[in-house]
Amino acid sequence: MYNVNSPHAEDFIDDAEILETLDYAQKHKSDRALIESLLEKAALCKGLSHREAAVLLECDIPDLNEKMKSLAREIKQKFYGNRVVLFAPLYLSNYCINGCTYCPYHAKNKHIPRKKLTQEEIRAEVIALQNMGHKRLALETGEDPVNNPLEYVLESIKTIYSIKHKNGAIRRVNVNIAATTVENYSKLKDAGIGTYILFQETYNKAAYEKLHPHGPKSDYAYHTEAMDRAMEGGIDDVGCGVLFGLNLYRYDFVGLLMHAEHLEATKGVGPHTISVPRIRAADGIDPATFPDAIDDETFAKIVACIRIAVPYTGMIVSTRESQATREKVIELGVSQISGGSRTSVGGYCESSRPDDTVQFDVSDTRTLDEVLNWLMRLGYVPSFCTACYRAGRTGDRFMSLVKSGQIANCCHPNALMTLKEYLEDYASPDTKKIGEELIARELLTIPNEAVRKRAEQYLQEEVNGKRDFRF
């Protein structure tokens, strides 16, 4: 029996419930009356259950699928406006003792060079990222208690926060490392991390165990219950995700939503973000050997259905996806993207850029400035804002502001100020011109007159006077 409140993975990710849900969705995929009622319910912006969302994902009625996309756009605009948050991954080490069959860092790969950044090398990487204009990083490292102990991660976080190069500063470090203990999560919290990110890869236990034949990650329950331990350790914001293409996408879609329901029910707040990566080519990894790969149209529909089902949650798409695909899914629900990314250890320093330690091939290879220019031409506001973390608006405090619609009074003016910082410090002439015109327009859209006037005042000040967020 499906038990959302149980702390045990096989209760809140119940295989029988997922299979029953998939069967129900298949039987009702052409039920116009039901699907119309679900879209009406979703339009209230309170979300849908995993079973209701599964019906939408299976819907085969063309006009209702178009209505679904329109609704996803409306919900995205309501909660996240036209802001798109930028970040970059920073790979610390590719030493790993796991056997993940889809990742080139797996322990049995003997021809990929193994590398671990020293603190001086991390400093060089961070300066390179600051010189691009980045303010928010996602730390990545393989699981290896000898080469990559938690103490190394904590020291690296301290190093990153300490670096102030020119006008650059990394204001928030999100962390994507292996599942660990409550005690270790508490240490990460004390180190000042933003979001703890961990992808489930697949929620199908049998498939998971086949894909992870050995190593600590092979323990399905320990991995799946990691978010519970992270939140018990004091981390307010967690980020979930699956790697689409490893398993039947319908199954993992339902499992992902069940995980979100479980966190909402037991911790009072669901995932801060949901990531939707697709499997990509890498050293020794051929996506063609994974039969459950999904096409672009299916991928876009997944994004739209997640946005409808969990309207308050941020959604992330990385440079795994092409420019064209990213443009489509940003419109349908994605609120955070990476830019100018390198997926290798030490990949940002021009003098020592390795191409032989990449975790996966990047599809969108544009510079950060090119990505910002593109976003603004599409009418989006690129944001480097981390004010909510710094002001303590995390976990249920953040979600309550999002659900009430009040978060726009913080996020929108702060986004404009961080964009202004970028334009002053890093932008190319063309990007700066487009950005200044965008800021002038966007100021007029702030509905609260007092907030708008304060934003106008701060934006007129000298750039060195507005390094700290005001909203």
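Here the structure is shown first, and the text comes after it.
All values derive from a computational prediction rather than experimental measurement.

Would you take a moment to explain the pattern of salt bridges for this structure?
Any two side chains of opposite charge can pair, on the condition that their charged atoms come close. Across all of its chains, the model carries 25 salt bridges by this definition. Here Lys-27 ties to Asp-23 by a salt bridge, and the two come within 3.0 Å at their closest N and O atoms. Of the two residues, Lys-27 and Asp-23 both sit in helix H2 (residues 15–27), 4 residues apart, roughly one turn of that helix. Take Asp-23: its relative accessible area is 39%, and that puts it in the partly exposed class. In this structure, the salt-bridge partner of Lys-115 is Glu-121, at a minimum N-O distance of 3.3 Å. Here Glu-121 falls in the partly exposed class, since its relative accessible area comes to 30%. One connected set of salt bridges, linked through shared partners, spans Glu-66, Lys-69, Glu-297 and Lys-328.

What exactly am I supposed to notice about the pairing of strand E2 (residues 136–141) here?
Each regular strand displays side chains that alternate between the two surfaces of the sheet. Burial of E2 is extensive: 6 of the 6 residues sit out of reach of the surface. Taken together, the 5 bridges between strand E1 (residues 83–93) and E2 define a ladder with parallel strand orientation. Looking at E2, one finds that Leu-90 is bridged to Leu-139. The parallel pair E1 and E2, bridged by helix H6 (residues 119–132), forms a crossover whose chirality is right-handed. One ladder, built from 5 bridges, connects E2 with strand E5 (residues 172–176); its direction is parallel.

What's the story with the environment of Glu-225 in this structure? I'm lost.
Along the chain, Glu-225 falls in the loop between helix H10 (220–224) and helix H11 (226–232). Once the C-alpha coordinates of Glu-225 and His-8 are considered, the two residues, 217 residues apart in sequence, prove to be 7.0 Å apart. Reaching out from Glu-225, the side chain makes a polar contact with the backbone nitrogen of Ala-9 at a distance of 2.9 Å.

So what exactly am I meant to see when it comes to the side chain of Glu-125 here?
Looking at the element boundaries, Glu-125 is found in helix H6. Residue Glu-125 is classed as buried on the basis of its relative accessible area of 1%. Within polar-contact distance, the side chain of Glu-125 engages the backbone nitrogen of Gly-347 at 3.2 Å. When near neighbours in sequence (up to four residues on either side) are disregarded, Glu-125 contacts Leu-90, Leu-117, Gly-346, Gly-347, Tyr-348 and Cys-349.

I would appreciate a short explanation of the packing of aromatic side chains in the present structure.
The geometry of an aromatic ring pair is captured by two quantities: the separation of the ring centres and the angle between the planes. Under the defined criterion, the tally for this structure stands at 6 aromatic pairs. Judged by centre distance (4.8 Å) and plane angle (70°), the rings of Tyr-185 and Tyr-196 are edge-to-face. Taken together, the positions of Tyr-185 in helix H8 (residues 182–190) and Tyr-196 in strand E6 (residues 196–197) put the pair 11 residues apart, joining distant regions of the chain. Here the two residues Tyr-185 and Tyr-196 agree in accessibility, since each one is buried. Ring geometry for Phe-384 against Tyr-422: centres 5.6 Å apart, planes inclined by 15°, an arrangement best described as stacked. Note that Phe-384 is positioned in the loop between strand E11 (381–383) and helix H16 (387–391) and Tyr-422 in helix H18 (residues 408–425), a separation of 38 residues in sequence. With a relative accessible area of 1%, Phe-384 lands in the buried category. Accessibility expressed as a relative area gives 2% for Tyr-422, which makes it buried. Among the aromatic residues, those joined into a cluster by ring pairs are Phe-384, Tyr-422 and Tyr-426. Positioned above the aromatic ring of Tyr-24 is the side chain of Arg-51, whose terminal nitrogen or guanidinium carbon lies 5.4 Å from the ring centre.

Looking at this structure, I do not really get the packing of helix H12 (residues 249–267) against helix H13 (residues 296–309). What am I missing?
Packed helix pairs are specified by the crossing angle of their axes together with the interaxial distance, meaning the distance between the axes. In the contact formed by H12 and H13, the axes pass within 12 Å of each other and the chain directions differ by 20°. Taken together, the axis directions place H12 and H13 in an arrangement best described as roughly parallel. Where H12 crosses over H13, the two elements pack in a sense that is right-handed. Residues Tyr-249, Phe-253, Leu-256 and Leu-257 of H12 pack against Thr-298, Ile-302, Cys-305, Ile-306 and Ala-309 of H13.

Where do I start with the packing of H13 against helix H14 (residues 323–332) in this structure?
Contact geometry for H13 and H14: axes closest at 9 Å, N-to-C directions at 25°. Considering their axes alone, H13 and H14 lie roughly parallel with respect to each other. Considering the relative orientation of H13 and H14, their crossing is right-handed. When H13 is examined against H14, the residues Asp-296, Glu-297, Phe-299, Ala-300, Val-303, Ala-304 and Arg-307 are found in contact with a partner set consisting of Thr-325, Lys-328, Val-329 and Leu-332.

Parameters and conventions
- Residues numbered from 1 in each chain as written.
- Predicted model: local features only at pLDDT ≥ 70, side-chain atom pairs only at ≥ 80, totals over all residues.
- Heavy atoms only, no water.
- Salt bridge = Lys/Arg side-chain N within 4 Å of Asp/Glu carboxyl O.
- Helix = DSSP H or I, 4+ residues; strand = E, 2+ residues; numbered from the N terminus.
- Buried < 20%, exposed > 50% of the residue type's maximum accessible area, 1.4 Å probe, protein only.
- Pairing = 2+ DSSP bridges.
- Right-handed = clockwise from strand over helix to strand, strands pointing away.
- Polar contact = N/O pair within 3.5 Å; in protein donor to acceptor, adjacent residues only side chain to side chain.
- Contact = heavy atoms within 4.5 Å.
- Phe/Tyr/Trp six-rings, centres within 6.5 Å; stacked < 30°, edge-to-face > 60°.
- Lys NZ or Arg CZ within 6 Å of the ring centre and 35° of its normal.
- Axes fitted to C-alpha atoms, helices over the stretch in contact; angles between N-to-C directions.
- Parallel < 35°, antiparallel > 145°, perpendicular 65-115°, else oblique.
- Left-handed = near helix turned anticlockwise from the far one by under 90°.

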